[in-house]
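Chain by chain, the residues:
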Amino acid sequence: MKFKYDVVVVGAGHAGCEAAAASARLSAKTCLLTMDMNKIAQMSCNPAVGGIAKGQIVREIDALGGQMGLVTDQTAIQFRMLNRSKGPAMWSPRAQCDRGKFIWAWREILENQPNLDIWQDQVKELLVKDGKATGVKTYMDVIFHARCVIITAGTFLNGLMHIGSTQIPGGRCAEPASLHLTESITRWGIRADRMKTGTPVRIDGRSVHFDEMQMQPGDECIQHFSFMGTTRSLPQLPCWITFTNPKVHEILKEGLPHSPLYNGQIKSIGPRYCPSIETKIVTFSDKDQHQLFLEPEGTNTQEYYLNGFSSSLPIDIQLEALRCIPAFRDLKVYRPGYAIEYDFFDPTQLYHSLESKIIDGLYLAGQVNGTTGYEEAAGQGIVAGISAARKCGGSEPFVMKRNESYIGVLIDDLVTKGVNEPYRMFTSRAEYRILLRQDDADARLTEKSYNMGLATEDRYNTWKRKEKAIESIEEFCKSYSVKAAYINSALEEMGTAALTKGCKLADLIVRPQVTIMEIAKHIPALREKIESIGERKEEIVEAAEIKLKYNGYIIREREQAEKMERLENIRIRGKFEYNKLQSLSTECRQKLTEINPETLAQASRIPGVSPSDINVLLVLLGR
């Protein structure tokens, strides 16, 4: 081994795995460095992928040619489509996974990926020369030379775990912290700070009274995360629901003086949208119960994850409180919940490609940028991997726009607005969410990825066949005429008004009560058309139906996106010395100088930059 690479990826979490796989598949000679090959793509918190907006990100990763969706399908033990009661822009896939099998599925992919080496070691130093990243040095004193370095160290940078007054250096339970690496990066002028996250107790299922809990099964109609449709081989398992009660809250409140979150031991900021149980009982003091989800960790283990009970309280208080829940009265646990503090870097110091503005060839992805969640990390990872490989090949950086992906929204929020608490993606963060649905990620991204060499020809051809099938269903519905006498009885069964005269089938599909699959039972020609599709006809029909039902909304939102695109095309970086522009507000001058936005649209999204400031810049540009 010569230890000379195009791209070195530090850390094999969800960001690192996607980064390394993408870089190698784009023909960059890549090395993935991890402290434990048996913990590759470890699901540090809950053993699930997807969720609100997160599921959309996974489907985008898959559409680009990433691996997370494929691995999820291969290891899923429960699938649910969330938010079905709302419009399709809000639908979000989520899958419970077998934690152990998830790791080994990823490891099999990486170990058999051409152009990719794996090295088990811990990195202690970033090497920089003349403002450029040149490689890394490990604890074994091995120097890896590289043209680009991607840091995806997750929660390991100076990680410190808290269980009551007990403090243990570490990036995860029973895993050491990454020391010295933060300091080797910040000495070059990159700003760092601290964040906090937490994880719940892990429960021995043999001690749980499941008959006193509510079963939560998955969907009967199991869909796939990946557009490639990996066959499901694992049994589908239920989750379980229970609740805290006033007695639980009383014990937790009595224990608050011993909580690191409330006695000053933890000083950093935790995630707003995934609070600890201590935070819940303080913030929502009027509530006498909180819902808890007991989630299986795999098909052949008794380990369960208690979603909703993240805690850093002492072990005895956690156990005493939990045993006041009837289903947990005989509770035994494998390990308690704990909080962890770790270093992150200010993401406003990055370009949209996730390359550092300060150190050429250094890329940061995942929780080191202040985000939470496997999906947000993986989305950043694939962008960093593509960008680094393209830089080595002399191509332009890879940038995703807000109107083409949730990943684009995520990265733009990070580099434009920064973070003052752990960032979590929601559908509400995307202004064009009707365009960014989970069902059309392949329509948005697969051809783009194929053209740059990441998505395979097989994936591209799969998308083109699907595109043709969707169009054929749409055209059939738009051209097929329906007679009132023939269809009215079926319409009454569906709970919608009868026709007074004939119409095109598409005019019926737009009705909320009517679905293509349901009305096909009464129209043999449509039923025959659907059957001719072959594989994954449910997914194709659903995509066609969404396009028909929401066509007006889609057109309107696309027009709004195109208007904003005009500002995205106005480049301003390097054209102004903002501190000399007295016509701008003081806050605006400070923010524009600090962030140095690429375009006028990015400038408009910076907190503290007002519409009048944007108008001033337009005037100065002669626009």
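Above this text you will find the structure in question.
Residues numbered from 1 in each chain as written. Predicted model: local features only at pLDDT ≥ 70, side-chain atom pairs only at ≥ 80, totals over all residues. Heavy atoms only, no water.

## Section: the overall build of the protein
Along the protein, the regular secondary structure elements total 21 helices and 21 strands. Its C-alpha atoms give the protein a radius of gyration of 26 Å, near enough to 25 Å, the size a compact globule of 623 residues would have. Burial status across the protein gives 58% buried among its 623 residues. The contacts in the protein between residues at least 6 apart in sequence include a share of 73% that link residues at least 24 apart. (Helix = DSSP H or I, 4+ residues; strand = E, 2+ residues; numbered from the N terminus. Rg over C-alpha atoms; globule rule 2.2 N^0.38 Å. Buried < 20%, exposed > 50% of the residue type's maximum accessible area, 1.4 Å probe, protein only. Contact = heavy atoms within 4.5 Å.)

## Side note on the nonpolar core
The biggest cluster of nonpolar side chains holds 111 residues, and the ones touching the most others in it are Phe144 and Leu362. No other element matches the 10 residues that helix H9 (residues 374–392) contributes to this core. When near neighbours in sequence (up to four residues on either side) are disregarded, Phe144 contacts Phe3, Tyr5, Val8, Cys31, Leu33, Trp119, Thr134, Gly135, Val136 and Thr138. Of all hydrophobic cores here, the second largest spans 29 residues; its members include Ile470, Phe476, Leu491 and Ile519. (Core = buried A, V, L, I, M, F, W, Y, C linked by side-chain atoms within 4.5 Å.)

## Details of a negative patch on the surface
Together, Glu250, Glu254, Asp316 and Glu320 make up a negatively charged patch on the protein surface. Within the fold, Glu250 resides in helix H6 (residues 246–254). Here Glu250 falls in the partly exposed class, since its relative accessible area comes to 38%. (Patch = residues over 30% accessible without salt bridge, like charges linked within 9 Å, V, L, I, M, F, W, Y side chains within 5 Å. Areas by Shrake-Rupley, 256 points an atom, 1.4 Å probe, with all protein chains shown as cover. Salt bridge = Lys/Arg side-chain N within 4 Å of Asp/Glu carboxyl O. Lys, Arg positive; Asp, Glu negative; His and termini not counted. Charge placed at Lys NZ, Arg CZ, Asp CG, Glu CD.)

## What to know about the pattern of salt bridges
Taken as a whole and judged by the stated rule, the model has 48 salt bridges. Residues Asp6 and Arg147 are paired through a salt bridge, measuring 3.3 Å at the closest nitrogen-oxygen approach. Here Asp6, found in strand E1 (residues 4–10), pairs with Arg147, found in strand E9 (residues 143–151); they are 141 residues apart in sequence, far enough to count as distant. The exposure class assigned to Asp6 is buried, which follows from its relative accessible area of 18%. Classification of Arg147 as partly exposed rests on a relative accessible area of 48%. A salt bridge links Asp413 to Lys417; its shortest N-O distance comes to 3.6 Å. Of this pair, Asp413 and Lys417 both sit in helix H10 (residues 406–417), 4 residues apart, which is roughly one turn of the helix. Relative accessible area serves as the criterion here: at 5%, Asp413 is assigned to the buried category. Several salt bridges converge on common partners, so that one network encompasses Arg402, Asp412, Asp413, Lys417, Glu431, Glu568 and Arg605.

## Considering the state of the cysteines
Using the criterion set out here, one finds 0 disulfides in the structure. Note on Cys31: no disulfide assigned, nearest cysteine sulfur contributed by Cys17 at a separation of 13 Å. (Disulfide = S-S within 2.5 Å.)

## Concerning the packing of helix H3 (residues 68–75) against helix H4 (residues 99–111)
Where H3 contacts H4, the axes come no closer than 9 Å and their chain directions differ by 135°. If you check the angle between H3 and H4, you find them oblique. H4 is crossed by H3, and the crossing has right-handed handedness. For the pair H3 and H4, the contacting residues are Met68, Val71, Thr72, Gln74 and Thr75 in the first and Lys101, Phe102, Ala105, Trp106 and Ile109 in the second. Taken together, the residues of the contact of H3 with H4 sort by class into 6 nonpolar, 3 polar and 1 charged. (Axes fitted to C-alpha atoms, helices over the stretch in contact; angles between N-to-C directions. Parallel < 35°, antiparallel > 145°, perpendicular 65-115°, else oblique. Left-handed = near helix turned anticlockwise from the far one by under 90°. Nonpolar A, V, L, I, M, F, W, Y, C, P; charged D, E, K, R; others polar.)

## As for the side chain of Ser312
Turning to its location among the elements, Ser312 is positioned in the loop between strand E16 (303–310) and helix H8 (315–322). Once residues lying within four places of it in the same chain are set aside, the contact partners of Ser312 are His162, Ile163, Gly164, Ser259, Pro260, Leu261, Glu278, Gln318, Tyr338 and Ala339.

## Here we look at the pairing of E9
As defined by bridge partners, E1 adjoins E9 across 6 bridges and the pair is classed as parallel. Residue Lys4 lies in a different strand from E9, and its bridge partner there is His145. Pairing geometry for strand E8 (residues 132–138) and E9, over 3 bridges, is antiparallel. Within the sheet, the bridge partner assigned to Gly135 lies in E9 and is His145. The antiparallel pairing of E8 with E9 creates a hairpin that spans 4 residues between the two strands, and Asp141 there sits at a positive phi of about 65°. Note: E9 against strand E19 (residues 362–364), 3 bridges, orientation parallel. Note that in E19 the partner of Ile150 across the bridge is Tyr363. (Pairing = 2+ DSSP bridges.)

Keep in mind these numbers describe shape, not what the thing actually does.
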